[in-house]
Amino acid sequence: MPKFPYFPHTDEDIKQMLEKAGMSSLEDLYSDVPSDFIYRGEYDLPEAKSEQEVRDFFAGLAGKNPKLKVFAGCGAYDHYTPSVIPYITSRSEFLTAYTPYQPEISQGTLRYIFEYQSMICALTGMDVSNASMYDGPTAAAEAVRMAVTSVRKKNAVLISETLLPQVRKVVETYAKYYGTQIRYIKEEDGQTSLASLKEGIAAGDVAGILVPSVNMYGIIEDHTGFADTVHEQKALYMVYCDPSVLAVVRTPGEWGADVAVGDGQPLGIPLCYGGPYVGFMACRMEHVRKLPGRIVGETRDSEGKRCFVLTLQAREQHIRREKATSNICSNESLMALWVTVYASLMGPEGLKEVNAKSYANAHKLYYALMKTGRFESKSALPFLKEFALKPKGITPEALHKALEDRGFFAAIPAGDGFVTFCATEKRSDEDIESLINAVEEVMK
């Protein structure tokens, strides 16, 4: 027996493997590594700590993080998280080691994935949703790939200049290594230009377009004429959206879109230095065979009881191998559960209330900033919780840094001299007033 019984290999096992490999010791495995690179001393590891000491240590590290009042958006939003969510997501019936291939032991996981898909379809107005994807930008990149594989003999995709910059960058990166051409639709008065779209798609080689529902400036875009223009060219119309605002604005389905993608973070996932996130993708039924990832469906077991199974995973690499059009074989299951619990707790009326309060706070902040006379508005088009202004007499970077020094995460540089502000339902009247005072102090 080995020294440690949980090690899988006995000394005899190791000896036989070394003989098979033509080696006499485990050190021979590293014989091609220069000796200068092999560390032979003692590792500088700290002494063991008790549980309380470990907690105190990490609490000290966490205390070094700046605690700022968040007045920023840019794709990640500071919405309220009901306290019951962490409790529900930690329950054992929702936990599984990995992918729920065996339905007889994964009903909890399969159930909430099914509910997640149902809620995403309800929010987007699409027929079918996968479950789920890494984050919003990679979901957008997968959608671009989906368009090219769905529309034969066309290898270009048009994306809007008003998409979030991180979405554009990730799409460009994916497209580069797939050999897909990315061209841009120009903005006009702060939103995607229909005239530029018509000009770009007239080239005849466009497989699809990707445009935002609410764009990088916080503007609610008007997509009138987009569906007809795109579908006349047999291309796919894809929309990037914030799912939380789909409770109060026109959905991709209502606009006539073929695919909806975005990030589920605004559905109650707290902000935490860049994560975690959960991407979503939904589409019309005719495109389901090109949808990456997996789909959970409802069925009946041998006793006639309602149950859930994986019903479609044709695009996964372990099934299709070299013929697969996507490498998505996993999903952000815990975060999919998180947003499912959030959406079920809030319901349609709760989401409407969140948006109503965010709208009120954002507009209160907007008018107060404009009243200072130190800003120029980006556009007169409607916005919900986020907006763009151009500061006068100070650079966007300097304004952002000055407000950060005063305890606010706000005024995010957005290009061309503009910055963006965001105010969700979590911001109080006192928060808004203190930000206004800080701005006036910085820009006096």
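The structure this text deals with has already been given above.
Notes on the structure in this doc start here.

## With respect to the environment of Ala131
Relative to the elements of secondary structure, Ala131 occurs in the loop between strand E2 (128-129) and helix H5 (136-150). You can call Ala131 buried: its relative accessible area is 2%. Distance from Ala131 to Ile113, taken between C-alpha atoms, is 6.3 Å for residues 18 residues apart in sequence.

## Considering the side chain of Ser106
Assignment of secondary structure puts Ser106 in the loop between helix H3 (84-89) and helix H4 (107-124). There is a polar contact of 3.1 Å between the side chain of Ser106 and the backbone oxygen of Gln102.

## Some thoughts on the packing of aromatic side chains
For the structure on display, the rule yields twelve aromatic pairs. When the ring of Phe57 is compared with that of Phe58, the centres are 5.2 Å apart and the planes differ by 80°; the resulting orientation is edge-to-face. Since its relative accessible area comes to 44%, Phe57 is described here as partly exposed. Between Tyr366 and Tyr367, the aromatic rings sit 5.2 Å apart at their centres with planes inclined by 80°, giving edge-to-face as the arrangement. Ring-pair connections join several aromatic residues into one group, and the members of that group are Tyr366, Tyr367, Phe375, Phe383, Phe387 and Phe421. Over the face of the ring belonging to Tyr178 we find Arg145, whose NZ or CZ atom lies 4.1 Å from the ring centre.

## A short note on helix H11 (residues 333-371)
An α-helical turn contains 3.6 residues, so a residue and the one three or four places further along point in the same direction. Here H11 contains 39 residues, and its C-alpha end-to-end distance of 46 Å is more than 12% below the 57 Å for a straight helix at 1.5 Å per residue. Its axis deflected by about 90° at Gly347, H11 carries its strongest bend there, up to four residues before the proline Pro348. The positive-phi residue at the C-terminal boundary of H11 is Gly373, with phi of around 75°.

## A word on the sheet that holds strand E14 (residues 386-391)
With antiparallel pairing, four strands are arranged side by side in an open sheet as E13-E14-E17-E16. This sheet does not close on itself; its edge strands, each paired only once, are strand E13 (375-377) and strand E16 (412-415). Direction aside, neighbouring strands of the sheet carry axes that sit 45° apart on average. In this structure, E16 lies alongside strand E17 (residues 418-422), joined through three bridges in antiparallel fashion. Looking at E17, one finds that Gly415 is bridged to Phe418. Sheet strands touched by H11: E13, E14 and E17. Its angle to E14, the strand with the most contacts, is close to 10°.

## A short note on unusual backbone geometry
At the junction of Gly275 and Pro276, the peptide bond is cis and its omega measures out at -5° in the coordinates. The phi dihedral of Asp189 falls on the positive side, at around 55°, and the residue is not glycine. Within the secondary structure, Asp189 is located in the loop between strand E5 (187-188) and strand E6 (191-192). One non-glycine residue, Lys234, lies in positive phi territory at about 60°. Mapped onto the elements of the fold, Lys234 is located in the loop between helix H8 (226-232) and strand E8 (236-241).

## Overview of the packing of H4 against H11
Their axes nearest at 9 Å, the elements H4 and H11 cross at an angle of 50°. The orientation of H4 with respect to H11, classified from their angle, is oblique. Along this stretch, H4 crosses H11, giving a crossing that reads as left-handed. Facing Thr109, Tyr112, Ile113, Glu115, Tyr116, Met119 and Leu123 of H4, the residues of H11 in contact are Ser333, Leu334, Ala336, Leu337, Val339, Thr340, Ala343, Ser344 and Leu351.

## Brief notes about the sheet that holds strand E3 (residues 156-160)
One open sheet accounts for seven strands, arranged E2-E10-E9-E8-E7-E3-E4; its pairing is mixed. Each edge of the sheet is formed by a strand with only one pairing partner; in this case those strands are E2 and strand E4 (181-185). By the bridge criterion, four bridges tie E3 to strand E7 (residues 206-212) in an arrangement that is parallel. Directly across from Val157, in E7, lies its bridge partner Gly208. With respect to the sheet, H5 is in contact with E3, E4, E7, E8, strand E9 (259-263) and strand E10 (279-283), its orientation differing from that of E9 by roughly 160°.

Parameters at a glance
- Residues numbered from 1 in each chain as written.
- Predicted model: local features only at pLDDT ≥ 70, side-chain atom pairs only at ≥ 80, totals over all residues.
- Heavy atoms only, no water.
- Helix = DSSP H or I, 4+ residues; strand = E, 2+ residues; numbered from the N terminus.
- Buried < 20%, exposed > 50% of the residue type's maximum accessible area, 1.4 Å probe, protein only.
- Polar contact = N/O pair within 3.5 Å; in protein donor to acceptor, adjacent residues only side chain to side chain.
- Phe/Tyr/Trp six-rings, centres within 6.5 Å; stacked < 30°, edge-to-face > 60°.
- Lys NZ or Arg CZ within 6 Å of the ring centre and 35° of its normal.
- Expected span 1.5 Å × (residues − 1).
- Bend = angle between axes of the 7 residues up to and from the residue.
- Pairing = 2+ DSSP bridges.
- Axes fitted to C-alpha atoms, helices over the stretch in contact; angles between N-to-C directions.
- Contact = heavy atoms within 4.5 Å.
- Parallel < 35°, antiparallel > 145°, perpendicular 65-115°, else oblique.
- Left-handed = near helix turned anticlockwise from the far one by under 90°.

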